[in-house]
Amino acid sequence: RENFIHLCNPHLEKMKEDILYHFALGTGTHDFPALFGDVKFVCVGGSPSRMKAFIAYIAEELGLGGPGCDYPNICAGTDRYAMYKVGPVLSVSHGMGIPSISIMLHELIKLLYHAKCSDITIIRIGTSGGIGLEPGSVVITRQSVDATFKPQFEQVVLGKTVIRSTNLDEQLAKELMQCSKEINQFNTVIGNTMCTLDFYEGQGRLDGAICLYNEEEKLQYLKEAYDSGVRNIEMESSVFAAMCNLSGVKAAVVCVTLLNRLEGDQISSSHDVLVEYQQRPQKLVGYFIKKSLGKV
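Residues numbered from 1 in each chain as written. Predicted model: local features only at pLDDT ≥ 70, side-chain atom pairs only at ≥ 80, totals over all residues. Heavy atoms only, no water.

Our working definition: UniProt positions are given in the numbering used here, feature names are shortened, and annotations may be inferred rather than shown by experiment.
Looking at an unreviewed UniProt entry, one finds the protein named Uridine phosphorylase and attributed to Corythaixoides concolor. UniProt lists a comment for the protein under the heading Catalytic activity (unreviewed entry), and it reads "uridine + phosphate = alpha-D-ribose 1-phosphate + uracil".

Right, here's the structure in full:
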């Protein structure tokens, strides 16, 4: 049975037109089924340039494009997000932090619904800070936890706190892990991902403009996180997991670690090394997509 997007909003049925403002798209001006109806895989990441690089990479991997091919930004009418498409793959930037990815996901989920897409897999690919892992390791998220290590996302709605589950698809995580074993190019683990509201104090860094704790307290906190199963830290996974759960979408988070936070706070690797690290989630997810399409 085909699995269609589930919208948790009865009000949308009453609207004559749905304007996806931050995408510069709308049901009254664009034919969503014609533009996006064949999409099966959606990859999202923070940076517009990284998501453009990903669509060029996956196009070549799938034999749908080659060096020098141009992939226009579908959301060129706005500077909020960037979106690229090739074949059944959609690549979308989401900016940095929970508010930014949340806005993007509301409109992305509606886009997929209006396009009548089915059997969708959404994967966030990105960077993170590792805990107890060598830099360059890739973490496939088992569940996203908050800064107190609870597997939940808190959203204030109409002045009341709503708590939502942040579990991710267990089978999809296992399939991605198997793909990494088949590639055999870099260390990959399945672990919990801590999602924070901030890059500095929220992640226990000592190098922000404000820091009212010492190094011993920082290390104690990070070791407690490690003992609870956390292997990396980023700023988007909790709302990503929560919204995909509510929409009935199979989802995963695949992030590379740029440093081991038990050994420092600043990212000191060279530009070339960081570029290679950032390509690792792309390679893993690209291989997964190829395998899913029977092209491996």
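## As for the packing of helix α4 (residues 170-183) against helix α7 (residues 271-292)
What counts here: For every element, the axis is a line fit to its C-alpha atoms; helices are fit only across the contacting stretch, and the angle between N-to-C directions ranges from 0 to 180 degrees. In DSSP terms, a helix is any run of H or I states spanning at least four residues, a strand is any run of E spanning at least two, and both are numbered starting from the N terminus. Should an angle fall under 35 degrees it is called roughly parallel, over 145 degrees roughly antiparallel, and 65 to 115 degrees roughly perpendicular, with every other angle called oblique. Note on contacts: a residue pair qualifies if any of its non-hydrogen atoms lie within 4.5 Å across the two residues. Each residue is assigned to one of three groups, with Ala, Val, Leu, Ile, Met, Phe, Trp, Tyr, Cys and Pro labelled nonpolar, Asp, Glu, Lys and Arg labelled charged, and all others, Gly among them, labelled polar.
Packing of α4 against α7 leaves a shortest axis separation of 9 Å and a crossing angle of 105 degrees. Relative to α7, α4 is oriented roughly perpendicular. Here L172, E175, L176, Q178, C179, S180, E182 and I183 of α4 lie close against α7, whose contacting residues are K283, L284, Y287, F288 and K291. Of the residues belonging to the contact of α4 with α7, the class tally is seven nonpolar, two polar and four charged.

## Some words on the domain arrangement of the protein
The condition that has to hold: Domain limits in this description derive from either an automatic procedure or a database domain assignment. A simple way to read buried area is as the amount of 1.4 Å-probe accessible surface that goes missing from two parts once joined, with both sides added.
Assigned domains of the protein: these are domain 1 (1-119) and domain 2 (126-291). Placing a centre on the C-alpha atoms of domain 1 and another on those of domain 2 gives a separation of 23 Å. If you look at the interface, domain 1 gives 25 residues, while domain 2 gives 24 residues. Overall, the association of domain 1 and domain 2 removes approximately 2100 Å² of surface from exposure, summing both partners, and the carbon and sulfur fraction of that is 73%.

## Comments concerning empty space enclosed by the protein
Using the following cut-off: Think of a 1 Å grid over the protein atoms and nothing else: a 1.4 Å probe that fits but is trapped marks a cavity, an open set flanked by protein within 12 Å on at least five of seven lines marks a pocket, and residues with an atom within 4 Å of a point count as lining. Grid points are joined across faces, edges and corners, and a volume is the space filled by probe spheres set on the points.
If you walk through the whole model with that rule in mind, you get one cavity of 30 Å³ or more. Size it by volume and the largest cavity reaches roughly 30 Å³. Forming the walls of the largest cavity are R50, I125, G126, T127, V256, Q278, P281 and Q282. For the lining of the largest cavity, the elements supplying multiple residues, two or more each, are β6 (121-130) and α7. Classifying every residue of the lining of the largest cavity by side-chain character gives three nonpolar, four polar and one charged.

## Considering unusual backbone geometry
Heads up, the condition is: Burial classification: accessible surface area is computed with a 1.4 Å probe over protein chains only, and a residue below 20% of its type maximum counts as buried, one above 50% as exposed, and the rest as partly exposed.
Even without being a glycine, K116 presents a positive backbone phi close to 60 degrees. Of note, K116 is situated in the loop between α3 (98-114) and β6. In this model, F149 sits at a positive phi of 70 degrees, which is unusual for a non-glycine residue. Inspection of the secondary structure assignment puts F149 in the loop between β7 (138-145) and β8 (152-157). Its relative accessible area of 21% is what places F149 among the partly exposed residues.

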